[in-house]
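One letter stands for each residue in the lines below.
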Amino acid sequence: MTDYSVLMLDIKQSRKLNEAQRQSAQDDLLGALNCANALFYDSLEKPLMFSAGDEIQGMFRDLPSAFLAYRYLRILVQTVELRGGIGIGSWTTRTESSLSTEQDGTAYHRARAAIDAAEKDRFKSLKIFDEKGCSNLYEAATASSIGIIERRNKPQKRTCEIVELTCPLIFDLWARKPGQANRYKEAIAQRLANTGLDFQNDIEPRITSMEKPFDAVQVELEKSLMGIPGLLEIATGASRQGIEKSMRNASIQLEREQAALAVYVLSREGAEKCWL
């Protein structure tokens, strides 16, 4: 039986938000979801959507994509803090609806258990459950990347959002399909416009696929950020040297390398080697 990965997210301490803060957070989340659904279009079985209250859920065809989508949303959403749970398992109740909320299976049950566990954990915001329960291997593999993202200050988060919008990480090679690439370009154009920065030229995303030998991914990650300080210099008016310093202080390259390592472990090949 094919395994699917269901991602569930919700807002930390959502009950403390007033009406204006909640509306701002939901607008922020909705814009980020539009970008994520366009970026991970080919990996999604059911798109990411709001379910009950502030909760979000979607179903992926593979575990690495579910993790990268969680990572992507953690970088883009800055009005609130998110936590997440990923459940790996079956998809048994299938409806013709495109809505994730109308499906069911062990992947959904485990995602619910995972996000409940994340709510109780004071130190780690992402839990991954498989048939054995909480996976310590997967949790350890993803902790470094997510930890770096969570420790960034507000100016660093703003820089990192723009970098991730223009240089995202995915697990498949759909970027070779023009229609889907154009869909993502349209989604990020709106998001970049909302930053208030002046992006005068059409942005061509540099999409890095993780579905390659690990050494090849490392080489591509080194190249992927070339020219980004110059782009931000034009858009923000800040100096290139200041932007480069901000990118170093935000550990952008290190976090991307840690995300690539996590993807390797989360992939079937990597997980098998880790248990040898």
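Bear in mind that the values here come from a model prediction, so they are computed numbers and not experimental data. (Residues numbered from 1 in each chain as written. Predicted model: local features only at pLDDT ≥ 70, side-chain atom pairs only at ≥ 80, totals over all residues. Heavy atoms only, no water.)

### Notes on unusual backbone geometry
Phase 1 of the analysis: Its identity as a non-glycine residue notwithstanding, S251 has a phi of 55°, on the positive side.
Phase 2 of the analysis: Tracing the backbone through its elements, the reader meets S251 in the loop between α9 (240–249) and α10 (252–266).
Phase 3 of the analysis: Residue classification places S251 among the partly exposed positions, given a relative accessible area of 24%. (Helix = DSSP H or I, 4+ residues; strand = E, 2+ residues; numbered from the N terminus. Buried < 20%, exposed > 50% of the residue type's maximum accessible area, 1.4 Å probe, protein only.)

### Some remarks on the nonpolar core
Phase 1 of the analysis: With 68 residues, the main nonpolar core has F40, L48, F67, Y72 and M210 as its most contacted residues.
Phase 2 of the analysis: Among residues more than four places away in sequence, those in contact with Y72 are A32, C35, A36, L39, F40, E164, L165, P168, Y184 and I188.
Phase 3 of the analysis: Core analysis: the next-biggest nonpolar cluster, separate from the first, contains 9 residues, V6, M8, Y108 and A111 among them. (Core = buried A, V, L, I, M, F, W, Y, C linked by side-chain atoms within 4.5 Å. Contact = heavy atoms within 4.5 Å.)

### Focus on the pairing of strand β3 (residues 56–60)
Phase 1 of the analysis: In terms of burial, β3 is a largely internal element, 5 of the 5 residues being buried.
Phase 2 of the analysis: Residues I56, G58 and F60 point to one face of β3 and Q57 and M59 to the other, with burial holding for every one of them.
Phase 3 of the analysis: The sheet contact formed by strand β1 (residues 4–11) and β3 spans 5 bridges and is antiparallel. What sits directly across from M8, in β3, is Q57.
Phase 4 of the analysis: With 4 bridges connecting them, strand β2 (residues 44–50) and β3 associate as antiparallel partners. The partner of L44 across the bridge, within β3, is F60.
Phase 5 of the analysis: What sits between the antiparallel neighbours β2 and β3 is a turn of 5 residues, in which G53 has the positive phi angle 60°. (Pairing = 2+ DSSP bridges.)

### What about helix α1 (residues 19–39)?
Phase 1 of the analysis: The end-to-end C-alpha separation of α1 is 30 Å, in line with the 30 Å expected for 21 residues at 1.5 Å each.
Phase 2 of the analysis: Buried within α1 we find A25, D28, L29, A32, L33, C35, A36, N37, A38 and L39.
Phase 3 of the analysis: Between the side-chain oxygen of the N-cap and the backbone nitrogen of A20 there are 3.1 Å, and the N-cap of α1 in question is N18. (Expected span 1.5 Å × (residues − 1). Polar contact = N/O pair within 3.5 Å; in protein donor to acceptor, adjacent residues only side chain to side chain.)

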